[in-house]
Amino acid sequence: MTTPQTKPALLVAGHGTRDDAGAEAFRAFVEELGRRNPELPVAGGFIELSPPPLGEAVTSLVERGVKRFAAVPLMLVSAGHAKGDIPAALTREKERHPGISYTYGRPLGPHPSLLAVLERRVDEVIGDLDRSEVTVLLVGRGSTDPDANSEVYKAARLFWEGRGYAGVETAFVSLAAPDVPAGLDRCEKLGARRIVVLPYFLFTGILPDRVREQTEQWAAAHPGLDVRSADVIGAAEELHALVMERYEEAVKGDLRMNCDSCVYRIALPGFEDKVGLPQQPHFHPDDDGHHHHHHGSHAHAHH
């Protein structure tokens with residue numbers, strides 16, 4: 001028996017990873033959100049790569065009597081998944097479950113509370129070192145969306161402000177330059193002798209592991225420098241609070257999407273052809289319980 005719904009449910013949308021530990025960290029985080037908010041139906045799913053798919057998470061809410069929900073993308077920057085794939089997936093779910101309605105929240109962004117967690121992650125590895133001797137290399141995921149990449153630079157600049165580090169540089173682990181070795185080269189050329197590589201990621205996964213591996217390889221080739229790796233943000237108290245803040249924003253309709261430098265609205269150099277382009281998000285058959293193939297065609301195998 002279902003009880004009448006008073007407040008919209010919370011749907012947490014994740015990117016997905018081939019790393020089992022990273023996917024499990026997301027699922028555990030969603031479960032903990034539900035425990036902390038017993039009055040609220042909470043579910044979470046992924047756009048790709050990991051179970052459960054987002055569609056399955058929506059179905060689980062519908063089966064619990066949910067008619068309205070707010071979807072919060074558990075992502076640090078607003079790239080293709082947050083701008084296109086998740087809205088497309090939610091539109092499909094609305095067609096699949098007539099009568100449901102939803103509001104869509106915004107990504108987490110370089111929120112001050114997450115910057116405080118990043119600061120802790122650096123403190124954990126520098127110990128008694130004076131911050132003025134430490135240069136931080138903030139490493140983001142990397143995207144083909146220049147707006148998304150610029151958000152990582154914004155996070156790095158905000159992280160530099162007022163914290164007393166020698167400097168904060170920026171790099172990416174995929175799809176965008178500079179890559180991790182180039183970012184470390186830049187730190188060295190700027191005179192850094194002590195460097196902390198700080199992954200701008202929520203949870204563990206293939207890409208944060210790659211950041212650490214590339215850092216270790218570079219450090220081994222530069223034995224005169226003190227190079228250390230910090231941990232990902234993780235399921236910190238601040239992350240729980242921020243997701244609920246984004247949920248409340250979505251419920252109240254207080255959404256402030258970043259459109260000022262959106263490649264689909266503004267002609268940015270080299271991306272002029274994207275202005276006004278209809279959003280054609282990549283269709284993720286996993287959402288429908290299909291098997292996912294990335295070589296030209298999608299094989300459909302219904303449950």
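Our subject is the structure listed above.
Scope of this entry: the structure provided in the associated data block. The structure presented is a predicted model; accordingly, all values stated were derived computationally and were not measured.

Analysis parameters
Residues numbered from 1 in each chain as written. Predicted model: local features only at pLDDT ≥ 70, side-chain atom pairs only at ≥ 80, totals over all residues. Heavy atoms only, no water. Helix = DSSP H or I, 4+ residues; strand = E, 2+ residues; numbered from the N terminus. Buried < 20%, exposed > 50% of the residue type's maximum accessible area, 1.4 Å probe, protein only. Contact = heavy atoms within 4.5 Å. Areas by Shrake-Rupley, 256 points an atom, 1.4 Å probe, with all protein chains shown as cover. Pairing = 2+ DSSP bridges. Axes fitted to C-alpha atoms, helices over the stretch in contact; angles between N-to-C directions. Phe/Tyr/Trp six-rings, centres within 6.5 Å; stacked < 30°, edge-to-face > 60°. Lys NZ or Arg CZ within 6 Å of the ring centre and 35° of its normal. Parallel < 35°, antiparallel > 145°, perpendicular 65-115°, else oblique. Left-handed = near helix turned anticlockwise from the far one by under 90°. Nonpolar A, V, L, I, M, F, W, Y, C, P; charged D, E, K, R; others polar. Core = buried A, V, L, I, M, F, W, Y, C linked by side-chain atoms within 4.5 Å. Right-handed = clockwise from strand over helix to strand, strands pointing away.

### Digging into the overall build of the chain
Next, step 1: Assigned secondary structure in the chain consists of eight helices and eight strands.
Next, step 2: Among the 303 residues that make up the chain, the fraction classed as buried is 50%.
Next, step 3: Counted over contacts in the chain with a minimum sequence separation of 6, partners at least 24 positions apart contribute 74%.
Next, step 4: Counting every atom, the chain has about 14400 Å² of accessible surface; 53% of that belongs to carbon and sulfur.

### Focus on the sheet that holds strand β2 (residues 42–46)
Hydrogen bonds along the backbone pair up the strands of a sheet, which may run parallel or antiparallel.
Next, step 1: Read from one edge to the other, the open sheet built from four strands follows the order β2-β1-β3-β4, with strand pairing classed as parallel. Both outer strands of the open sheet, β2 and β4 (101–104), are each paired with one neighbouring strand and no more. Each neighbouring strand pair of the sheet contributes to a mean axis angle of 25 degrees, computed without reference to strand direction.
Next, step 2: Examined bridge by bridge, strand β1 (residues 9–14) and β2 share five bridges and lie parallel to one another. By the bridge assignment for β2, Ala13 is matched with Gly45.
Next, step 3: The strands that helix α8 (residues 237–252) touches are β1, β3 (68–73) and β4; relative to β3, the one it contacts most, it runs at about 130 degrees.

### Some remarks on the packing of aromatic side chains
Next, step 1: On inspection of all chains with the given rule, the structure shows five aromatic pairs.
Next, step 2: Summarising the aromatic geometry, the rings of Phe69 and Tyr102 are spaced 5.6 Å apart at their centres and angled 15 degrees between planes, so their arrangement reads as stacked. Linking Phe69 in strand β3 with Tyr102 in strand β4, this pair joins segments that are 33 residues apart in sequence.
Next, step 3: Positioned above the aromatic ring of Trp160, the side-chain terminus of Arg157 is 4.8 Å from the ring centre.

### Re the packing of helix α4 (residues 112–126) against α8
Next, step 1: Interaxial distance between α4 and α8 falls to 9 Å at its minimum, and their mutual angle equals 165 degrees. Comparing the axis directions of α4 and α8 gives the class roughly antiparallel. The hand of the α4/α8 crossing is left-handed. Packed against α4, whose contacting residues are Ser113, Leu114, Val117 and Arg120, the element α8 presents Glu238, Leu239 and Leu242 at the interface.
Next, step 2: Here the residues of the contact of α4 with α8 sort into four nonpolar, one polar and two charged.

### A look at the nonpolar core
Next, step 1: One finds Leu10, Leu74, Leu108, Phe159 and Val243 to be the most contacted residues of the largest nonpolar core, which totals 49 residues.
Next, step 2: Among all residues touching Leu108, those that are not within four sequence positions of it are Pro73, Leu74, Met75, Leu76, Leu114, Leu202, Leu239, Leu242, Val243 and Arg246.
Next, step 3: Core analysis: the second largest hydrophobic core is formed by 18 residues, Ala13, Ile47, Leu54 and Tyr104 among them.

### A closer look at the sheet that holds strand β6 (residues 167–172)
Next, step 1: Spatially, the four strands line up as an open sheet ordered β6-β5-β7-β8, and their pairing is parallel. Single-partner strands in this sheet number two, and they are β6 and β8 (226–229). Each strand of the sheet is rotated relative to its neighbour by a mean of 25 degrees, with strand direction disregarded.
Next, step 2: Two strands pair when backbone bridges link them, and strand β7 (residues 194–199) and β8 are joined in this way by four bridges, in the parallel orientation. Looking at β8, one finds that Val196 is bridged to Arg228.
Next, step 3: Along the sheet face, helix α5 (residues 146–160) touches β5 (134–140), β6 and β7 and points at about 160 degrees away from the line of β6.
Next, step 4: Sitting on the sheet, helix α7 (residues 206–220) is in contact with β5, β7 and β8, with an inclination near 170 degrees to β8.

### Focus on the pairing of β8
Next, step 1: Side chains Val227 and Ser229 project from β8 onto a buried face, and the interleaved Asp226 and Arg228 project onto a face without burial.
Next, step 2: Crossover connection from β7 via α7 to parallel β8: handedness right-handed.

### What about the pairing of β3?
Next, step 1: Summarising burial for β3: five of the six residues are buried, a large majority.
Next, step 2: Pairing of β1 with β3 involves five bridges; the strand directions are parallel. From the neighbouring strand, Val12 faces β3, where its bridge partner is Val72.
Next, step 3: Bridging between β3 and β4 involves four bridges; their strand directions are parallel. Bridge pairing in β4 links Phe69 to Tyr102.

### Focus on the environment of Ala116
Next, step 1: Counting through the fold element by element, Ala116 comes out in helix α4.
Next, step 2: Judged by its relative accessible area of 28%, Ala116 is partly exposed.
Next, step 3: Remark: the alpha-carbon pair of Ala116 and Phe159, spanning 43 residues in sequence, is separated by 8.6 Å.

### Quick look at the environment of Gln217
Next, step 1: With respect to the secondary-structure elements, Gln217 resides in helix α7.
Next, step 2: Judged by its relative accessible area of 56%, Gln217 falls in the exposed class.
Next, step 3: Along the chain, Gln217 and Pro181 lie 36 residues apart, while their C-alpha atoms are 8.9 Å from each other.

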